[in-house]
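# Report on the structure
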Amino acid sequence: MTLSNYWQKALDKVYFAFQKIETTEGNVYAYEALLRGYKEAGFQTIDHVFDLAYEEGVLNVLDYHLRIKALKAYKTIAKPATTKLFYNIDNRIFNTSYAEPLCMQSTIESLGLQAQEICFELSEKHDFGSLPDLHQRLKSYKQQNINIAIDDFGMGVSGMKFLYEVEPGYLKIDRFFIEGINSNEKKQHLVMGLVILSKSFGFKVIAEGIESELEYKTCKSLGCHLLQGYYLHKPQCFEEHTLRGLEQKAI
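Residues numbered from 1 in each chain as written. Predicted model: local features only at pLDDT ≥ 70, side-chain atom pairs only at ≥ 80, totals over all residues. Heavy atoms only, no water.

Our focus in this paragraph is the sheet that holds strand 8 (residues 226-227). Pairing in this closed barrel of 8 strands is mixed, and the strands run 1-2-3-4-5-6-7-8 around the ring. Pairing analysis gives 3 bridges linking strand 5 (residues 147-153) to strand 6 (residues 170-173), with the strands arranged parallel. Bridging from a neighbouring strand, Phe153 pairs with Ile173 of strand 6. (Pairing = 2+ DSSP bridges. Helix = DSSP H or I, 4+ residues; strand = E, 2+ residues; numbered from the N terminus.)

Now the structure itself:
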């Protein structure tokens, strides 16, 4: 699980900001970990970090170290015990020859956290293809009480098939369907349909990317269980080693 000097230096420079996910009552339900400091580490975008790691065959190792970094930073946040951490996983880790440690639960608990506090977000940004290990990996996460969410739903390559196969606990609707939803009946019907579907499949719907009061009120009226976006909260940094004027400030 070691990294080269290049990647270790990059790991030392990046950090995590956290964006709150609210209930419809306005209470904090969870925090999503968002990577920051990537430009200082020499990368143009967040995607550039993971694309290069994938090309060099170190994506699994880098992601594992980033998870630990996010977990440690999350632990420093003063929060209720029921709060969760949402962490984005690059789905290409399931398409590499190096298998990550399956016992994430013991790693999480060694940091003084509980596995049920953690939710791994999966997106379809990169094609899963036919990955025989995917279902076993997801089954392992669930057996360890780690939650699973589908991110950016509605913009992927397999859509409903992916939802059917993954059986997530959370479904995050892509920002495209939230933007201007207050004045777009088609988007309202699509989101309402997912809320209705959630009752049968047992997942919670998260409206992400809310940037206006009207979007917020519309998503709430449509029955979305959880809400996220700049209108509610901008990402904040809480890590001690990133004090540089950023602690608890929106970034």
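From this point, things continue past the structure.
The contact between helix 1 (residues 5-13) and helix 3 (residues 59-75) brings their axes to 11 Å, and the two run at 25 degrees. Regarding the angle of helix 1 to helix 3, the classification is roughly parallel. Between helix 1 and helix 3 lies a crossing whose hand is right-handed. Between helix 1 and helix 3, the residues in contact are Trp7, Leu11 and Asp12 and Leu62, His65, Leu66 and Lys69, respectively. Broken down by class, the residue content of the contact of helix 1 with helix 3 amounts to 4 nonpolar, 1 polar and 2 charged. (Axes fitted to C-alpha atoms, helices over the stretch in contact; angles between N-to-C directions. Parallel < 35°, antiparallel > 145°, perpendicular 65-115°, else oblique. Left-handed = near helix turned anticlockwise from the far one by under 90°. Contact = heavy atoms within 4.5 Å. Nonpolar A, V, L, I, M, F, W, Y, C, P; charged D, E, K, R; others polar.)

Turning our eyes to something else, we now look at the environment of Gln144. Of note, Gln144 is situated in the loop between helix 5 (132-143) and strand 5. Residue classification places Gln144 among the buried residues on the basis of a relative accessible area of 8%. Considering only alpha carbons, one finds Gln144 and Cys103, 41 residues apart in sequence, at a separation of 7.7 Å. Of note is the side chain of Gln144, whose polar atom sits 2.8 Å from the backbone nitrogen of Met104. (Buried < 20%, exposed > 50% of the residue type's maximum accessible area, 1.4 Å probe, protein only. Polar contact = N/O pair within 3.5 Å; in protein donor to acceptor, adjacent residues only side chain to side chain.)

Right, let's get into the pattern of salt bridges. Any two side chains of opposite charge can pair, so long as their charged atoms come close to each other. Tallied over the full model, the rule gives 10 salt bridges. For the salt bridge of Lys161 with Glu165, the shortest nitrogen-to-oxygen distance reads 2.7 Å. In this pair, Lys161 and Glu165 are both assigned in helix 6 (residues 160-166), 4 residues apart and thus about one turn of the helix distant. Among the salt bridges present, the one from Glu211 reaches Arg175, with a minimum N-O distance of 3.8 Å. Separated by 36 residues along the polypeptide, Glu211 in the loop between strand 7 (204-207) and helix 9 (213-221) and Arg175 in helix 7 (residues 175-178) bring together distant segments of the chain. One network of salt bridges, in which partners are shared, links Glu32, Glu121, Lys172 and Glu208. (Salt bridge = Lys/Arg side-chain N within 4 Å of Asp/Glu carboxyl O.)

Moving on, we come to the packing of aromatic side chains. Inspection of the entire model under this criterion finds 11 aromatic pairs. Here the aromatic rings of Tyr6 and Phe43 are separated by 6.4 Å at their centres, their planes lie at 70 degrees, and the arrangement is edge-to-face. Placement of the pair is Tyr6 in helix 1 and Phe43 in the loop between strand 2 (28-36) and helix 2 (46-55), with a sequence separation of 37 residues. On the basis of an interplanar angle of 65 degrees and a centroid distance of 6.3 Å, the ring pair of Tyr87 and Phe120 is categorised as edge-to-face. (Phe/Tyr/Trp six-rings, centres within 6.5 Å; stacked < 30°, edge-to-face > 60°.)

Another point: the pairing of strand 2. Of all 9 residues that make up strand 2, 8 are buried, and the element is covered over most of its length. Where strand 1 (residues 15-23) and strand 2 come together, 8 bridges link them in antiparallel fashion. Residue pairing in the sheet places Glu22 in a bridge with Val28 of strand 2. The antiparallel pairing of strand 1 with strand 2 creates a hairpin that spans 4 residues between the two strands, and Gly26 there sits at a positive phi of about 90 degrees. Bridging between strand 2 and strand 3 (residues 84-89) involves 4 bridges; their strand directions are parallel. Within the sheet, the bridge partner assigned to Ala33 lies in strand 3 and is Tyr87.

Here the focus is the pairing of strand 1. Across the 9 residues that make up strand 1, a large majority, 9, are buried. Burial along strand 1 is two-sided: the face carrying Tyr15, Ala17, Gln19, Ile21 and Thr23 and the face carrying Phe16, Phe18, Lys20 and Glu22 are both buried. By the bridge criterion, 2 bridges tie strand 1 to strand 8 in an arrangement that is antiparallel. Looking at the pairing, Glu22 lines up with Leu227 of strand 8.

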